[in-house]
Amino acid sequence: MLIKTEGFVLKNKKYGETDSMLTIFTRKIGKINAIAKGARKPKSTFLAGIQPFCYSDFVFYKGKSSLYNLSQCDAREIFYCIREDLDALTYGAYLLELVEAVTNEGQTNNRLFNLLGKTLSMLANKDQKDFELQTVVRAFEVNLLAYSGFKPHVHSCVNCNQSNFKQIKFSHEEGGILCPKCFTVDPFASKISETTVRLANYLLNKDILEIQKLKVNEALNNELKLILKKYIMVHINKYQFKSLDMLDKL
Ligand SMILES: [Zn+2]
């Protein structure tokens, strides 16, 4: 059976003597693992399109085993510039790790697919555009959560649906903000400022390309960063990111 689809390479690992094992987020069949036979031989025709970040057209065939085999690959966009800038590389690798954590084989996710494409091309053109990398990463996180079924409920109290209150807490367990009357629902809820809630709503409702002009102060960004970090741990069950560990060590 032959399958033709476009996709983003999330991972590329050595496999056997000369092969590579790829993890690809495809448009048609979701996330898959595929063997690229002979991909590490110097003359392999696969070479250009199978590095992490590459956006390529792929043809796979599925043999008797559950694995896919790559039979053809044409790079559409290799996002080479991401590799040349340490910040873009680190955060780009983080986006790929997040996508890998929330996607499954056989489950397509077009909105996430498009979000990843737009965000990678923003990172690749970072030098020409004046946007805040951190804000783009927050926008990616919050929309990835929304597109994978974990949209944080931030437009009204997640428990009673009331809106318009000044004192706010964020409940990771309940998946959204709480009004003062509902604070007792989750004793572990964390304080969150009104402006951070507004920022989260804004990022959820705008296309990522539109937030390029947005300037967010660092304290605000940090508050949202910590809330989302914990939220990702609780709902996606992912506690460690190799990319971010690398950033801490720098
Ligand atoms: Zn409430």
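Residues numbered from 1 in each chain as written. Predicted model: local features only at pLDDT ≥ 70, side-chain atom pairs only at ≥ 80, totals over all residues. Heavy atoms only, no water.

Digging into the overall build of the protein chain
From N to C terminus, the protein chain includes seven helices and eight strands. In terms of overall dimensions, the protein chain is globule-like: its C-alpha atoms have a radius of gyration of 20 Å, near the 18 Å expected for 250 residues. Dimensions of the protein chain, computed from C-alpha atoms along their principal axes, come out at roughly 65 × 40 × 30 Å. Considering the protein chain as a whole, with its 250 residues, one finds that 48% of them fall into the buried category. For the protein chain, the share of sequence-separated contacts (at least 6 apart) that also reach a separation of at least 24 residues comes to 60%. Carbon together with sulfur atoms contributes 50% to the accessible area of the protein chain, which is approximately 13000 Å² in total. Once the 35 positive and 26 negative side-chain charges of the protein chain are each reduced to a mean point, those two points are 4 Å apart. (Helix = DSSP H or I, 4+ residues; strand = E, 2+ residues; numbered from the N terminus. Rg over C-alpha atoms; globule rule 2.2 N^0.38 Å. Buried < 20%, exposed > 50% of the residue type's maximum accessible area, 1.4 Å probe, protein only. Contact = heavy atoms within 4.5 Å. Areas by Shrake-Rupley, 256 points an atom, 1.4 Å probe, with all protein chains shown as cover. Lys, Arg positive; Asp, Glu negative; His and termini not counted. Charge placed at Lys NZ, Arg CZ, Asp CG, Glu CD.)

A few points about the packing of helix α2 (residues 86-102) against helix α3 (residues 110-124)
Packing of α2 against α3 leaves a shortest axis separation of 10 Å and a crossing angle of 170°. In terms of orientation, α2 and α3 fall into the roughly antiparallel class. Taken together, the residues of α3 that come into contact with α2 (itself represented by Ala 88, Tyr 91, Gly 92, Leu 95, Leu 96, Val 99 and Val 102) are Leu 112, Leu 116, Thr 119, Leu 120 and Leu 123. Here the residues of the contact of α2 with α3 sort into ten nonpolar, two polar and no charged. (Axes fitted to C-alpha atoms, helices over the stretch in contact; angles between N-to-C directions. Parallel < 35°, antiparallel > 145°, perpendicular 65-115°, else oblique. Nonpolar A, V, L, I, M, F, W, Y, C, P; charged D, E, K, R; others polar.)

A few points about the pairing of strand β5 (residues 68-77)
The pairing of strand β3 (residues 30-36) with β5 spans two bridges and is parallel. Each residue of the ladder has a partner; that of Ala 34, found in β5, is Tyr 68. For strand β4 (residues 55-62) and β5, the ladder comprises eight bridges, and the chain directions are antiparallel. Residue pairing across strands places Ser 56 opposite Ala 75, the latter belonging to β5. The loop that links β4 with its antiparallel partner β5 comprises five residues. (Pairing = 2+ DSSP bridges.)

A short note on α3
Taking 1.5 Å as the rise per residue, α3 with 15 residues should run 21 Å; its terminal C-alpha atoms sit 21 Å apart, in good agreement. Within α3 the residues assigned to the buried category are Leu 112, Phe 113, Leu 115, Leu 116, Gly 117, Thr 119, Leu 120, Met 122, Leu 123 and Ala 124. Check the buried side of α3 and you find it contacts β1 (2-15), β2 (19-26), β4, α1 (80-83), α2 and α4 (133-147). (Expected span 1.5 Å × (residues − 1).)

A word on the coordination of the zinc ion
Bound to the zinc ion are the protein donor atoms Cys 157 (SG), Cys 160 (SG), Cys 179 (SG) and Cys 182 (SG), situated 2.3 to 2.4 Å from the metal. Geometry at the zinc ion is tetrahedral, judged from its four donor atoms and the angles of 105 to 116° they form at the metal. Mapping the donors of the zinc ion onto the primary sequence yields the spacing C-x2-C-x18-C-x2-C. Of the two residues, Cys 157 sits in the loop between α4 and β6 (169-171) while Cys 179 sits in the loop between β7 (176-178) and β8 (190-191), which places them 22 residues apart along the sequence. Here Cys 157 matches Cys 179 in class, with each residue buried. (Donors = N, O, S within 2.8 Å, 3.2 Å for Na, K, Ca; no water. Tetrahedral: all angles 85-135°; square planar, octahedral: opposite > 155°, others 65-115°.)

What about the UniProt feature "domain: DNA replication/recombination mediator RecO N-terminal" (unreviewed entry) in the protein chain?
Cross-referencing UniProt, the feature "domain: DNA replication/recombination mediator RecO N-terminal" (unreviewed entry) maps to residues 1-78 in the present numbering. Here residues 1-78 is 0% helix and 60% strand, with 27 Å between the C-alpha atoms at its ends. (UniProt positions renumbered as here; feature names shortened; annotations may be inferred.)

Some remarks on the nonpolar core
With 62 residues, the main nonpolar core has Leu 116 and Phe 140 as its most contacted residues. When contributions to this core are tallied by element, the ones reaching two or more residues are β1, α2, α3, α4, β7, α5 (194-205) and α6 (218-236). Top contributing element to this core by residue count: α4, with nine residues. Two domains each provide a minimum of three residues to this core, namely domain 1 (2-77) and domain 2 (81-249). Grouped together as the second largest cluster of nonpolar side chains are 17 residues, Ile 29, Phe 46, Ile 50 and Cys 54 included. (Core = buried A, V, L, I, M, F, W, Y, C linked by side-chain atoms within 4.5 Å. Domains from an automatic or database assignment.)

A few points about the layout of surface pockets
Put simply, the largest pocket is a space of about 440 Å³. Forming the boundary of the largest pocket are 17 residues, of which Leu 10, Lys 11, Ala 93, Glu 97 and Lys 242 lie nearest the centre. The set of elements that each furnish at least two residues to the lining of the largest pocket consists of β1, α2 and α7 (242-249). Here the lining of the largest pocket gets six residues from one element, more than from any other, and that element is α2. Class assignment of the residues belonging to the lining of the largest pocket gives a composition of seven nonpolar, three polar and seven charged. When residues are assigned to domains, the lining of the largest pocket turns out to be shared by domain 1 (2-77) and domain 2 (81-249), each giving three or more. (1 Å grid on protein atoms, 1.4 Å probe; cavity = no way out; pocket = protein on both sides within 12 Å on 5 of 7 lines; lining within 4 Å. Points joined across faces, edges and corners; volume = space filled by probe spheres on them.)

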